[in-house]
Each structure stands twice: as C-alpha cells, then as structure tokens.
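For reference, the chains in residue letters:
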Amino acid sequence: MKHDGHTHTEYCPHGTVADVEELVQRAIALGFKRYSITEHAPLPPDGLADIGGEPEIWTSSTMPLNDVRHYFIHMERLKKKYAADIELLVGFEVDYLAGHRHWTTDFLNEYGPQMDDGILSVHFLDGVDGLRCIDYQPQDYAEGIIARYGSFQSAQLAYYRMIQDSLMADLGPYKPTRLGHISLCQKFQLAFPDEDTSLSADSLALIDTLLTQIKAKRYTLDVNAAGLFKPDCRDIYPPEPLIRQARQAGIPLIYGSDAHDLADVGRGYDIVSALLP
Ligand code: ZN
Ligand code: FE
C-alpha cells in the first residue's frame with residue numbers, strides 16, 4: 001500500500017502550499033493509495049511566554065486555534081471528493097511540549113474524535129532564554145540549542161531524551177501513536193564541520209532503550225524523507241542504521257514526505273521504501 005503518512009497544507013504558515021487539493025491530485029497521479037494530511041496542530045497560546053529567540057518562529061509554526069474547525073470541514077470535503085481514488089486520513093502533527101501536557105491533552109480530547117491519523121513530534125527544546133526551535137535554521141540552532149547543552153552531541157542526547165519523554169507522556173486517549181522524525185536534531189549536521197555530529201555512545205544506548213519502549217507501546221515511526229533534501233542534512237529521519245534497528249525490533253515504519261510544497265509530494269519515496277519491509 002503506497003502511503004504518505006506525513007503531509008502539510010496551506011494551513012501551515014511556514015509552508016508554500018497554495019491548495020492542498022493540488023497535493024492530493026499529485027499524490028493520486030504518483031500512485032499513492034493512502035495519504036495522511038497531518039497539519040501542525042496549534043501550539044498552546046500561553047506557550048509564547050516560554051520561548052526564547054524570535055517570537056515569529058513560534059507563531060509561524062502552526063495554524064492558529066481558530067482555524068481548526070475550518071481545517072476539518074475543508075479536509076472532510078476533500079476526503080469525500082477523492083474517496084474513489086485515494087484514502088485520505090485527516091489529523092495533526094502534534095507538538096510535544098513537556099510544560100504544556102495538560103493543554104495538549106485538552107486539545108486532543110476536543111479534536112481527537114475527528115482525527116483519522118496523527119504524529120507526535122518534538123520541534124522545541126529547552127534552550128537559551130526559554131524554549132527554542134530545533135529545525136528553524138543553523139545559526140538559531142547554534143545560539144539557542146547547542147549553546148545551552150555545550151556540544152552538538154549533548155544537544156542530540158537531550159533531543160532523544162525528549163522523544164522518549166514524548167513516548168511516555170500521558171496525553172489521554174487520543175494521543176498520536178506515531179513518532180515524527182525522531183532524528184530531527186541532525187537537520188543541521190553538515191553546518192557544524194568542527195563538531196562530532198555522529199551518535200554518541202550515550203545516544204546509541206538511549207536509542208536502544210527507546211526502540212524497545214516504542215515496540216512495547218506499539219507505536220510506529222515516521223520515516224521522513226524531508227531531511228534528504230535539506231542542504232545541511234542530506235539524510236533520512238531517522239538515518240538508515242536506525243531504520244534497520246527499528247525493523248529488527250519489529251516497529252512498523254511509515255514513509256512521510258513531510259510535504260510543505262506541491263513539489264515535495266512523494267519525494268524520496270523510492271529511497272525510503274527500499275529500506276522498509
Ligand atoms: Zn511545517
Ligand atoms: Fe515536523
């Protein structure tokens with residue numbers, strides 16, 4: 001079953017999608033039979049007080065709360081219109097924020113019943129002056145995250161710890177059970193030539209435990225092609241050795257284009273699917 005499990009829409013303020021319907025049509029043309037529309041769920045409005053760095057990074061991350069109703073109406077219409085050609089699953093990529101678990105649980109309790117699919121991702125970590133973004137740009141990552149943890153590898157370990165925290169957190173019955181791009185901390189790996197960006201022994205040990213826990217909780221993993229096309233990454237999230245390890249652990253792996261643009265639909269599918277069972 002050709003499935004894209006991670007895609008975005010014009011409801012994402014930092015993407016360049018003009019009309020999600022064009023992406024759906026492209027996916028159909030590329031032979032996808034299932035397509036998950038997983039727009040960034042709104043961030044908790046009072047989280048703005050917790051962030052360091054530029055506030056625009058936070059406010060342009062996701063749709064505002066008052067778009068959610070319209071988002072569902074719009075996507076449900078597409079679901080019906082294209083039902084004969086493709087199975088559209090509508091849901092969210094939900095941010096895991098350790099300090100906002102209650103808000104996120106309330107959000108999921110309210111909208112979870114309308115979700116067909118979902119991804120739980122970590123895009124923010126405690127950093128300099130507050131919460132800082134993982135995937136905005138290299139300089140911001142250096143100033144906000146690496147400066148806080150001391151080295152690329154220490155930041156990496158902190159990221160995997162937060163992924164583990166996200167897996168274990170109680171977000172109620174509608175918590176997404178697929179973890180998004182678990183190696184997003186590598187997005188700028190090529191921008192730090194003076195740093196060791198490989199997985200440290202501590203991270204490798206943590207990942208061992210993490211994969212066992214993912215399997216035990218029957219979660220799945222997003223195998224996200226976006227990193228292949230980022231100039232400072234050039235790798236899949238997670239990289240091939242981790243994909244192999246996850247396969248051996250028996251964790252279901254789901255391809256995601258993470259499309260934020262029409263041209264992104266189906267990107268890297270052949271490369272990723274060759275690594276999947
Ligand atoms: Zn996005
Ligand atoms: Fe994401």
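In what follows, the structure referred to is the one given above.
The shown structure was predicted, so the numbers you read here are calculated from the model rather than taken from an experiment.

Rules used throughout
Residues numbered from 1 in each chain as written. Chains lettered and ligands numbered in written order. Predicted model: local features only at pLDDT ≥ 70, side-chain atom pairs only at ≥ 80, totals over all residues. Heavy atoms only, no water. Donors = N, O, S within 2.8 Å, 3.2 Å for Na, K, Ca; no water. Helix = DSSP H or I, 4+ residues; strand = E, 2+ residues; numbered from the N terminus. Buried < 20%, exposed > 50% of the residue type's maximum accessible area, 1.4 Å probe, protein only. 1 Å grid on protein atoms, 1.4 Å probe; cavity = no way out; pocket = protein on both sides within 12 Å on 5 of 7 lines; lining within 4 Å. Points joined across faces, edges and corners; volume = space filled by probe spheres on them. Expected span 1.5 Å × (residues − 1). Arc of directions from axis to C-beta. Core = buried A, V, L, I, M, F, W, Y, C linked by side-chain atoms within 4.5 Å.

Visitor: Explain the coordination of the iron ion (ligand 2) to me, using residue names and the numbers behind them.
Guide: Those protein atoms acting as donors to the iron ion (ligand 2) are Glu93 (OE), His123 (NE2) and His181 (NE2), and they sit at 2.1 to 2.2 Å. All donor residues of the iron ion (ligand 2) come from one chain, and their arrangement in sequence is E-x29-H-x57-H. Between the iron ion (ligand 2) and the zinc ion (ligand 1), a spacing of 5.7 Å is present. Pair noted here: Glu93 is in strand 3 (residues 87-95) and His181 is in the loop between strand 7 (178-179) and helix 7 (201-216), with a separation of 88 residues, a long-range link. Looking at His181, the relative accessible area reads 2%, which means it is buried.

Visitor: A description of the layout of surface pockets should follow, citing residues and the corresponding values.
Guide: Looking at the largest pocket, its volume works out to about 500 Å³. Around the largest pocket sit 27 residues that line it, and His14, His40, Asp135, Lys187 and His260 are the ones nearest its centre.

Visitor: Residue-level account of helix 7, with values.
Guide: Taking 1.5 Å as the rise per residue, helix 7 with 16 residues should run 22 Å; its terminal C-alpha atoms sit 23 Å apart, in good agreement. Taken residue by residue, helix 7 has Ser203, Leu206, Ile207, Leu210, Leu211 and Ile214 as its buried positions. Each buried residue of helix 7 sits inside an arc of 140° when the element is viewed along its axis, so together they form one side. Facing away from the buried surface of helix 7 by more than 90 degrees, the exposed residues are Ala201, Thr212 and Ala216.

Visitor: Report on the nonpolar core, specifying residues and quantitative values.
Guide: Counting residues in each nonpolar core, the largest one holds 77 residues, and the members touching the most others are Tyr35, Tyr71, Phe92, Tyr141, Leu179, Ile214 and Leu221. Residues Leu43, Ile57, Trp58 and Leu97 belong to the second largest nonpolar core, which totals eight residues.

Visitor: Lay out the coordination of the zinc ion (ligand 1) in plain terms, naming residues and giving numbers.
Guide: Protein ligation of the zinc ion (ligand 1) involves His14 (NE2), His40 (NE2) and His260 (NE2), the donor distances falling in the range 1.8 to 2.1 Å. The sequence pattern describing where the donors of the zinc ion (ligand 1) fall on their chain is H-x25-H-x219-H. Judged by its relative accessible area of 5%, His40 is buried.

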